[in-house]
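Structural characterization, general
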Amino acid sequence: MITWSSADGKTWGSYAEFMRVSATNVSLMPKSLTFAQAAVVPVASLTAYQSLFHAQEGGMIPGQKVLIHGAAGGVGSFAVQFAKSGGLLVAATCGTANAEYVRSLGADRVIDYKNEAACEAVRDWSTEGVDVVLDAVGPPTLPQALDMLRPTGRLVNILTATADGDIERDRQEAERRGLPQDRFYDRF
């Protein structure tokens, strides 16, 4: 079975051989997955979903445009599928080897970052920019991500891997470019 480890539905984290959980938080583990693979599904899928549709972060509505950086990864691959099923128009970045895979997930515009300039490709696809950039890659993509947003767009950054000043530096860069802090979100 797959479940989150919260017995009270409010807290996270555990390390136990047995635990009590609500039946509403449990589902059968697909036989085609290993335990390690199944353990990743809830975290990656929930991160993708909340990043796109949580009102304070992505808050996306059908017909809007999203750019998903890192679309072939765990969070990114879920995000492409959720975005399409939610009626969004999707541009997605990935490497050459994953372009067909990302296309098969439903991306409207696949950008091979190894062979295309992502910013130019997004602006060719959507001259006004995108409503949300979901960044599952990290700090190197920030300057370009800000350039690809509409003036009222939102940046959802799920990878702030260190506390060495990059979070504050990124926020300051967003502010310098006119993106108010209330439209810049760090998920993790």
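Here, the structure is the one placed above.
Cut-offs used in this document
Residues numbered from 1 in each chain as written. Predicted model: local features only at pLDDT ≥ 70, side-chain atom pairs only at ≥ 80, totals over all residues. Heavy atoms only, no water. Phe/Tyr/Trp six-rings, centres within 6.5 Å; stacked < 30°, edge-to-face > 60°. Helix = DSSP H or I, 4+ residues; strand = E, 2+ residues; numbered from the N terminus. Buried < 20%, exposed > 50% of the residue type's maximum accessible area, 1.4 Å probe, protein only. Lys NZ or Arg CZ within 6 Å of the ring centre and 35° of its normal. 1 Å grid on protein atoms, 1.4 Å probe; cavity = no way out; pocket = protein on both sides within 12 Å on 5 of 7 lines; lining within 4 Å. Points joined across faces, edges and corners; volume = space filled by probe spheres on them. Nonpolar A, V, L, I, M, F, W, Y, C, P; charged D, E, K, R; others polar. Contact = heavy atoms within 4.5 Å. Expected span 1.5 Å × (residues − 1). Salt bridge = Lys/Arg side-chain N within 4 Å of Asp/Glu carboxyl O.

1. Looking at the packing of aromatic side chains
As enumerated under the stated definition, the model contains three aromatic pairs in all. With a centroid separation of 5.1 Å and 40 degrees between ring planes, the pair formed by Tyr49 and Phe53 is classed as tilted. Residue Tyr49 and its partner Phe53 are located together in helix H1 (residues 35-53), separated by four residues, close to a single helical turn. You can call Tyr49 partly exposed: its relative accessible area is 44%. According to the relative accessible area criterion, Phe53 is partly exposed, its value standing at 21%. Relative to Phe82, the ring of Phe78 has its centre 6.0 Å away and its plane inclined at 25 degrees; by these criteria the two rings are stacked. Placement of both Phe78 and Phe82 in helix H2 (residues 74-85) is noted, with a separation of four residues, approximately one turn of the helix. The partly exposed category is assigned to Phe82, whose relative accessible area is 24%. An aromatic cluster of at least three residues, connected via ring pairs, comprises Tyr49, Phe53, Phe78 and Phe82. The ring of Trp125 carries the charged tip of Lys65 above its face, separated from the ring centre by 5.4 Å.

2. Describing the layout of surface pockets
Approximately 220 Å³ is the volume attributed to the second largest pocket. Lining the second largest pocket are 17 residues, with Thr93, Cys94, Gly95, Tyr113 and Val137 sitting closest to its centre. The residue inventory of the lining of the second largest pocket, partitioned by class, reads eight nonpolar, eight polar and one charged.

3. Some thoughts on the environment of Trp125
When you line up the elements, Trp125 lands in helix H4 (residues 118-125). The sequence separation of Trp125 and Asp108 amounts to 17 residues, and the corresponding C-alpha distance is 9.5 Å. In this structure, Trp125 is in contact with Lys65, Val66, Leu89, Val90, Ala91, Asp108, Arg109 and Val130, ignoring residues within four places of it in sequence.

4. Some remarks on H1
Helix length check: H1 (19 residues) gives 28 Å between terminal C-alpha atoms against 27 Å at 1.5 Å per residue, within 8%. The set of residues buried in H1 consists of Ala38, Ala44, Ser45, Thr47, Ala48, Ser51 and Leu52.

5. Considerations on the pattern of salt bridges
Counting across every chain of the model gives six salt bridges. Here Lys65 makes a salt bridge to Glu128, at a shortest N to O gap of 3.3 Å. Placement of the pair is Lys65 in strand S3 (residues 65-69) and Glu128 in the loop between H4 and strand S6 (130-135), with a sequence separation of 63 residues. The buried category is assigned to Lys65, whose relative accessible area is 15%. Measuring nitrogen to oxygen at the nearest pair gives 2.5 Å for the salt bridge that ties Glu100 to Arg103. Of this pair, Glu100 and Arg103 are both found in helix H3 (residues 99-105), three residues apart, which corresponds to roughly one turn of the helix. For Glu100, a relative accessible area of 56% translates into the label exposed. For Arg103, a relative accessible area of 39% puts it in the partly exposed group. In this structure, a network of salt bridges that share partners links the residues Lys65, Glu128, Asp131 and Arg150.

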